[in-house]
Amino acid sequence: GAVVSQHPSWVICKSGTSVKIECRSLDFQATTMFWYRQFPKQSLMLMATSNEGSKATYEQGVEKDKFLINHASLTLSTLTVTSAHPEDSSFYICSADGYAGGKIGGFGPGTRLTVL
Amino acid sequence: QKEVEQDPGPLSVPEGAIVSLNCTYSNSAFQYFMWYRQYSRKGPELLMYTYSSGNKEDGRFTAQVDKSSKYISLFIRDSQPSDSATYLCAMSGNTNAGKSTFGDGTTLTVKP
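Presented here is a report on the structure given in the accompanying data block. Bear in mind the structure is a predicted one, so any value in this text is a computation, not a measurement. (Residues numbered from 1 in each chain as written. Chains lettered and ligands numbered in written order. Predicted model: local features only at pLDDT ≥ 70, side-chain atom pairs only at ≥ 80, totals over all residues. Heavy atoms only, no water.)

Focus on unusual backbone geometry
Then, in step 1: The omega torsion of the bond from His 7 of chain A to Pro 8 of chain A falls at -5°, within 30 degrees of zero and hence cis.
Then, in step 2: By the element assignment, Pro 8 of chain A lies in the loop between β1 (4-7) and β2 (10-13).
Then, in step 3: At the junction of Gly 9 of chain B and Pro 10 of chain B, the peptide bond is cis and its omega measures out at 5° in the coordinates.
Then, in step 4: In this fold, Pro 10 of chain B is placed in the loop between β1 (4-6) and β2 (11-14).
Then, in step 5: Phi angles above zero are rare outside glycine, and Lys 41 of chain A is one such case at about 60°.
Then, in step 6: Assignment of secondary structure puts Lys 41 of chain A in the loop between β4 (29-38) and β5 (44-51).
Then, in step 7: Its relative accessible area of 89% is what places Lys 41 of chain A among the exposed residues.
Then, in step 8: In the Ramachandran plot, Ser 52 of chain B falls in the positive-phi region, its phi being about 60° despite a non-glycine side chain.
Then, in step 9: Among the secondary structure elements, Ser 52 of chain B is positioned in the loop between β5 (45-51) and β6 (54-58). (Helix = DSSP H or I, 4+ residues; strand = E, 2+ residues; numbered from the N terminus. Buried < 20%, exposed > 50% of the residue type's maximum accessible area, 1.4 Å probe, protein only.)

Following this line, the structure appears as structure tokens:
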């Protein structure tokens, strides 16, 4: 249980373009999804929390207009990095909490974003 | 002060050694305690998690949680070169994932 997938697993884009990353809960309904960012040789830092059907809550220092989060269904959340720049190159990881006979949660495998 | 403190190492041991990795924390609300392993350029993979205090064993890995001391440990027995990776501790108040607070990670090298 608690299987979370991400797509794509790896993306390269040009500076100035936008990139969308999907996070899906495969075997449970995710009432809450979380997005993390990990820079090289650093730990995972929480970027934002999203509840299905409502606006995401962003951590301090994270630009909400740059990192657009949509949680339109109980199994899908998307993170769009708008006007990406090389400094946005990072590992983006989602996690999800929900219920499947009890509380359940899992992390996705991550998406590596490289902005040229 | 960080909510979760983890010695970044690096830690280098010979093959077959017992490895001890540790984290301390300050938030009493944490109920789930996780250990992740991360290989270079890969996402973290969950090794094991413990709910509340106690020990949990899985093969060569043992996780210990002492909530009274706010201290958690991961022991690796008979360490192998394939165990060389960065180990991250993480803690959460709600589930074994969700909104977790991570340590900085300890880089382990097991030398053949």
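Continuing now.
Re the sheet that holds strand β3 (residues 19-25) of chain B
Neighbouring strands of a sheet are bound in pairs by backbone hydrogen bonds; such pairs are parallel or else antiparallel.
Residue and element names in this part refer to chain B.
Then, in step 1: Read from one edge to the other, the open sheet built from five strands follows the order β1-β3-β8-β7-β6, with strand pairing classed as antiparallel. Of all the strands in the sheet, the pair left with one neighbour each is β1 and β6. Taking the axes of each pair of neighbouring strands and ignoring which way they run, one obtains an average angle of 15° across the sheet.
Then, in step 2: Two strands pair when backbone bridges link them, and β1 and β3 are joined in this way by three bridges, in the antiparallel orientation. (Pairing = 2+ DSSP bridges. Axes fitted to C-alpha atoms, helices over the stretch in contact; angles between N-to-C directions.)

Brief notes about the nonpolar core
Then, in step 1: Counting 27 residues, the largest nonpolar core has Phe 67 and Leu 113 of chain A as its most contacted members.
Then, in step 2: Those elements that provide at least two residues to this core are β2, β3 (19-25), β4, β5, β7 (67-73), β8 (76-81), β9 (90-99) and β11 (111-115) of chain A.
Then, in step 3: Excluding residues that lie within four positions of it along the chain, Phe 67 of chain A makes contacts with Arg 37, Met 47, Tyr 58, Val 62, Leu 79, Thr 80, Val 81, Asp 88 and Tyr 92 of chain A.
Then, in step 4: In terms of nonpolar packing, the next biggest core, distinct from the first, is built from 24 residues, Cys 23, Phe 30, Phe 33 and Met 91 of chain B among them. (Core = buried A, V, L, I, M, F, W, Y, C linked by side-chain atoms within 4.5 Å. Contact = heavy atoms within 4.5 Å.)

Details of the interface of chain B and chain A
Then, in step 1: In this complex, chain B contributes 17 residues to the contact, which on the side of chain A involves 19 residues.
Then, in step 2: Among the residues chain B hides against chain A, the three largest losses belong to Gly 98, Lys 99 and Phe 102 of chain B. Together they make up 32% of the total.
Then, in step 3: Viewed at the interface, chain A and chain B are joined by zero salt bridges.
Then, in step 4: For the interface between chain B and chain A, the tally reads three residue pairs in polar contact (both at pLDDT 80 or more). (Buried area = accessible area lost by both parts, 1.4 Å probe. Salt bridge = Lys/Arg side-chain N within 4 Å of Asp/Glu carboxyl O. Polar contact = N/O pair within 3.5 Å; in protein donor to acceptor, adjacent residues only side chain to side chain.)

A word on the pattern of salt bridges
If the charged atoms of two oppositely charged side chains come close together, the side chains can form a pair.
Then, in step 1: Applying the stated criterion to the full structure yields six salt bridges over all chains.
Then, in step 2: Note that Glu 22 of chain A and Arg 24 of chain A form a salt bridge whose closest N and O atoms lie 3.4 Å from each other.
Then, in step 3: Relative accessible area serves as the criterion here: at 34%, Arg 24 of chain A is assigned to the partly exposed category.
Then, in step 4: Residue Arg 37 of chain B is joined to Glu 45 of chain B by a salt bridge in which the shortest nitrogen-to-oxygen separation is 3.4 Å.
Then, in step 5: For Glu 45 of chain B, a relative accessible area of 32% corresponds to the partly exposed category.

A word on the packing of aromatic side chains
Then, in step 1: According to the stated counting rule, one finds 10 aromatic pairs over all chains in the structure shown.
Then, in step 2: With 5.8 Å between their ring centres and 80° between their planes, Tyr 36 of chain A and Phe 102 of chain B make a pair best called edge-to-face. Here Tyr 36 of chain A, found in strand β4, pairs with Phe 102 of chain B, found in strand β10 (residues 100-102), and the two come from separate chains. With respect to class, Tyr 36 of chain A is no different from Phe 102 of chain B; both count as buried.
Then, in step 3: Joined through ring pairs, the aromatic side chains of Tyr 36 and Phe 107 of chain A together with Tyr 36 and Phe 102 of chain B make up one cluster. (Phe/Tyr/Trp six-rings, centres within 6.5 Å; stacked < 30°, edge-to-face > 60°.)

Some thoughts on the pairing of β5 of chain B
Side-chain positions along a regular strand alternate between the two faces of the sheet.
Residue and element names in this part refer to chain B.
Then, in step 1: Pairing between strand β4 (residues 32-38) and β5: six bridges, direction antiparallel. Paired with Arg 37 across the strands is Glu 45, a residue of β5.
Then, in step 2: Connecting β4 to the next strand, β5, in antiparallel fashion are six residues, including Arg 41 with a positive phi near 65°.

A short note on the sheet that holds β7 of chain A
Residue and element names in this part refer to chain A.
Then, in step 1: The strand order across the open sheet built from four strands is β1-β3-β8-β7, with neighbouring strands paired in antiparallel fashion. Edge positions in the sheet fall to β1 and β7, since each of these pairs with one other strand and no more. Sheet twist, expressed as the mean angle between neighbouring strand axes with direction ignored, is 15°.
Then, in step 2: When β1 meets β3, the two strands line up antiparallel, connected through four bridges. Paired with Val 4 across the strands is Ser 25, a residue of β3.

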